[in-house]
Amino acid sequence: MGTIDPSGMTATNGPSVQQSDDAHGYYTPGEPLVDPVAPTGPISQRWTTRKFDNRLVNPANRRKMSVIIVGTGLAGGAAAATMGEAGYQVKSFCYQDSPRRAHSIAAQGGINAAKNYKEDGDSVHRLFYDTVKGGDYRSRESNVYRLAEVSANIIDQCVAQGVPFAREYGGLLDNRSFGGVQVSRTFYARGQTGQQLLIGAYQALERQVAAGTVEMFTRHEMLEVIVVDGTARGIIARDLVTGEIETHLADVVVLATGGYGNVFYLSTNAMGSNVTAAWRAHRKGAYMANPCYTQIHPTCIPVSGEHQSKLTLMSESLRNDGRIWVPKKKEDCQKDPRDIPEEDRDYYLERIYPSFGNLVPRDIASRQAKNMCDEGRGVGPMVGDFRRGVYLDFSDAIARLGKDGIEEKYDNLFDMYARITGENPYETPMRIYPAVHYVMGGLWVDYHLQSSIPGLFVTGEANFSDHGANRLGASALMQGLADGYFVLPNTIREYLADAPFSKIDESHPAVVEAQQDVQQRIDRFLSINGTRSADSYHKELGHIMWEYCGMERSEDGLRKAIDMIRELKADFWTNLKVLGTADSLNQSLEKAGRVIDFIELGELMCIDALNRRESCGGHFRAESQTEDGEALRHDDEFAYVAAWEFGGEGGQPVLHKEDLIYTAIEMKQRSYK
């Protein structure tokens, strides 16, 4: 295990982090965890060798095997389409009214791939290195190398589907840069990349629906995973229109249900995005890995008041041409930015990180924006005691490329900003501020994407495996499609090669127990008859999480947050008010289930953050920083995946540690200066 070179790097606040275990009493230590199918050998050969070594399932047998896939975003839609085309019997579930409304559609800026079209030195190994470094050396190197290796195939697949990527004058696919890298490897379709990629996956999925290999269940929410003799064999789902509780059984279950950023209430996620599927699996035995790893995106439209229910992302691609600055003098913060002369502007990212400038990784850009605002140099309206905004200025780019050139690259993003803020970004600098966007934590999976429950596989943002403590921009779409099109189909067959599995039906005791648990939970929500809505609890939880488990954490703050969340949970179970009944469309009932799962997850996130006594990625621990205020990692203590096992109702979570071992790269302090 590597160790950071501590030269010149000492903690400046409080005692050394090595002196105490400040999470003592909040969890139970468990047995060390080892990925049982982790590959060995030269890293460039591991995936190729594993694909060959995994057993095959012949086409006639595939037609006898059933697969449940929950979620229809890029990971779930691609997996369902690919598994259906391979001949398996697939059931696909989403809570939206159409697979096309999965939240992958909201991704804007692009998708990474190591094609080296710009001949600027890119390669599979460089993409691998940038991703591990960007994740602050907290991801598995084998998984990340596989992701980089598969990336080029994704672009070919999507082009064949007709995804309208931007092209250069000569007809070749265009690329642009994203934060944390010094090459151009991001393929894009203006600011609609997620939408266009999802349409490609959706078309492939609908083709299989028409062919009869995939059965589609829209407006269905998974409420429980069915575990029979230790293996996942199905799900309990609620028809959100009729209220009917349905049982669906299969040989294997795949969760592709996205991230849990909405635990913070205000985030860039759609309001319906939730953690229920993953959390119910966690309570049944699936480990939750690194839950405190959440990503704060630096380019979002700032909070404007208490009325908001979500925040709006502005693509990170804007940092290619926009320059980020704040006034040097506090007294200038209320001025029209066009009246502030150049010499009175602080282009702080260019000043602090000259090598990367405005293209530093998301965690660094976000933390520095917060620092500027905490100093009193933020801009825009007062929200609480601070102005929460910095400028993203395109005046230099417009002078260089012309307004038409900027419109060609970013017109839909500029139009969206103008519609939301009422300001013209061609004339006045945009105002941006960090917001919760993505989660790197998720259900623990092995190299085959199988969770700690045999037969339960997890793909995309719902698993933890590829991004460490911080995700580089344009890597989410890459991971979702890599898992769905190329990784899962090649790893799940190793599990399915042991079929046929024992036949079960709805009379099996484990199935009956799962059905009863779901019904009792719904009945309990409806019977409390208190005075508070689920939304009010969600909003209060969000305030706690953002204040104490957001961009900066401390031991005292996290302890306080855990106590507050426990009090909130107790109040929820005694004072919740759910209107309506269970036998029809009832969004109040839907929210109740999602919010209590967020509350339980929030407590685990704070315990995980309390245990991780280091600053890492976007997770700044006040007690662990360098003399100049940068994040200070502690590889000698925390170079591991924190995989949490559910400790039972009222019990303590159990911490299993999976050591992170690097053989292909050296662990060292990140520097973008």
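Residue indices follow the written sequence of each chain, beginning from 1 at its first position. At least 70 in pLDDT is required for a residue's local features to be given in this predicted model, at least 80 for side-chain atom pairs to be given and counted, and no such filter applies to totals for whole chains, interfaces and linings, which use all residues. Excluded from the side-chain calculations are hydrogens and water; all other atoms, namely the structure's heavy atoms, are used.

1. Thoughts on the overall build of the protein chain
Each helix is a run of DSSP H or I of at least 4 residues and each strand a run of E of at least 2, with the numbering of both proceeding from the N terminus. Across its full length, the protein chain holds 16 helices and 24 strands. Just to be clear, the radius of gyration here is over C-alpha atoms, and the globule rule we use is 2.2 Å times residues to the power 0.38. By the compact-globule yardstick of 26 Å for 673 residues, the protein chain fits well, its C-alpha radius of gyration being 24 Å. Considered along the principal axes of its C-alpha atoms, the protein chain spans approximately 75 × 60 × 50 Å. The classification of residues rests on relative accessible area computed with a 1.4 Å probe and restricted to protein chains. Under 20% of the type maximum is buried, over 50% is exposed, and intermediate values are partly exposed. Expressed as a percentage of its 673 residues, the buried residues of the protein chain come to 60%. Throughout, a residue-residue contact means that at least one pair of heavy atoms, one from each residue, lies within 4.5 Å. Considering only contacts in the protein chain between residues 6 or more positions apart, those separated by 24 or more positions represent 75%. Summing over all exposed atoms, the protein chain offers an accessible surface of approximately 24900 Å²; the carbon and sulfur share of this is 48%. His is not counted, nor are the chain ends; Lys and Arg add positive charge and Asp and Glu add negative charge. Each charge is placed at NZ for Lys, CZ for Arg, CG for Asp and CD for Glu. Where the 72 positive side-chain charges of the protein chain centre and where its 91 negative ones centre are 2 Å apart. Reported accessibility uses the Shrake-Rupley method at a 1.4 Å probe radius. Residues are deemed covered only where the shown protein chains occlude them.

2. Considerations on the nonpolar core
For this analysis, a nonpolar core means a set of buried residues of the types Ala, Val, Leu, Ile, Met, Phe, Trp, Tyr and Cys, connected via side-chain atoms within 4.5 Å. With 155 residues, the main nonpolar core has I111 and F572 as its most contacted residues. The element contributing the most residues to this core is helix 15 (residues 587–611), with 13 residues. The residues contacting I111, other than those within four sequence positions of it, are I154, I155, F165, R185, T186, F187, T193, L197, A474, L477, M478 and L481. Formed by 31 residues, the second largest nonpolar core is a distinct cluster that contains I301, I352, A397 and Y410.

3. Observations regarding the pairing of strand 18 (residues 430–439)
Of all 10 residues in strand 18, 10 are buried, a share of seventy percent or more. Two strands qualify as a pair provided that DSSP identifies no fewer than 2 bridges between them. As judged from the five bridges shared by strand 12 (residues 294–300) and strand 18, these two strands associate in the antiparallel manner. Counted as the bridge partner of I296 is V436 from strand 18. As paired elements, strand 17 (residues 390–393) and strand 18 share three bridges and run antiparallel to each other. Of the residues in strand 18, the one forming a bridge with V390 is I432.

4. Details of the packing of helix 3 (residues 74–86) against helix 11 (residues 476–496)
Axis lines are fitted to C-alpha atoms, over the contacting stretch for helices. Their N-to-C directions set the angle, which ranges from 0 to 180 degrees. Closest axis-to-axis distance for the helix 3/helix 11 pair is 8 Å, and the angle between their directions is 45°. It follows that helix 3 is oblique to helix 11 by the angle criterion. Along this stretch, helix 3 crosses helix 11, giving a crossing that reads as right-handed. Judged by residue contacts, L74, A75, A78, A79, T82 and M83 of helix 3 engage L477, G480, L481, G484, Y485, L488, P489, I492 and L496 from helix 11. An angle below 35 degrees is treated as roughly parallel, one above 145 as roughly antiparallel, one from 65 to 115 as roughly perpendicular, and anything else as oblique. By definition, turning the near helix anticlockwise from the far helix through less than a right angle yields a left-handed crossing, and turning it clockwise yields a right-handed one.

5. Side note on the UniProt feature "domain: FAD-dependent oxidoreductase 2 FAD-binding" (unreviewed entry) in the protein chain
UniProt positions are given in the numbering used here, feature names are shortened, and annotations may be inferred rather than shown by experiment. As annotated by UniProt and renumbered to match this structure, "domain: FAD-dependent oxidoreductase 2 FAD-binding" (unreviewed entry) occupies residues 67–477. Structurally, residues 67–477 is divided into 29% helix and 20% strand, and its ends, taken at the C-alpha atoms, are 23 Å apart.

6. Quick look at helix 13 (residues 534–548)
With 15 residues, helix 13 extends 21 Å between its outermost C-alpha atoms, agreeing within 8% with the 21 Å of an ideal straight helix rising 1.5 Å per residue. For helix 13, the set of buried residues is A534, Y537, H538, L541, G542, I544, M545 and Y548. Burial along helix 13 is one-sided: seen end-on, the buried residues are contained in an arc of 165°. Every helix has an expected span of 1.5 Å times one less than the residues it contains. Here, the arc refers to the directions that run from the helix axis to the C-beta atoms.

7. What to know about the packing of helix 6 (residues 193–211) against helix 11
Orientation of helix 6 relative to helix 11, taken along the N-to-C sense of each, is 10°, at an axis distance of 11 Å. Viewed along their axes, helix 6 and helix 11 adopt a mutual orientation that is roughly parallel. On helix 11, the residues touching T193, G194, L197, G200 and A201 of helix 6 are L477, L481 and Y485.

8. Notes on the domain arrangement of the protein chain
Interface size is commonly expressed as the accessible surface area that is lost when the partners come together. Assigned domains within the protein chain: domain 1 (32–293 + 440–496) and domain 2 (297–437). Note that the domain bounds reflect an automated or database-derived domain assignment. Taking the mean C-alpha position of each, domain 1 and domain 2 sit 32 Å from one another. Taken over both partners, the interface formed by domain 1 and domain 2 buries close to 2400 Å², and the fraction arising from carbon and sulfur atoms is 52%. Any carboxyl oxygen of Asp or Glu that lies within 4 Å of a side-chain nitrogen of Lys or Arg is treated as forming a salt bridge with it. If you look at where domain 1 meets domain 2, you find one salt bridge. The partner of D411 in a salt bridge is R190, with the nearest N and O atoms 3.1 Å apart. Any pair of nitrogen or oxygen atoms within 3.5 Å is treated as a polar contact; in protein, a donor-acceptor pairing is required on top of that, and neighbouring residues in sequence qualify only through side-chain atoms on both sides. Joining domain 1 to domain 2, the criterion identifies 14 residue pairs in polar contact (both at pLDDT 80 or more). Residue polarity is assigned by list, with Asp, Glu, Lys and Arg as charged and Ala, Val, Leu, Ile, Met, Phe, Trp, Tyr, Cys and Pro as nonpolar; anything else, Gly included, falls into the polar class. Classifying every residue of the side of domain 1 that touches domain 2 by side-chain character gives nine nonpolar, 14 polar and three charged. We define buried area as the total accessible area lost by two parts upon association, computed with a 1.4 Å probe and summed across both.

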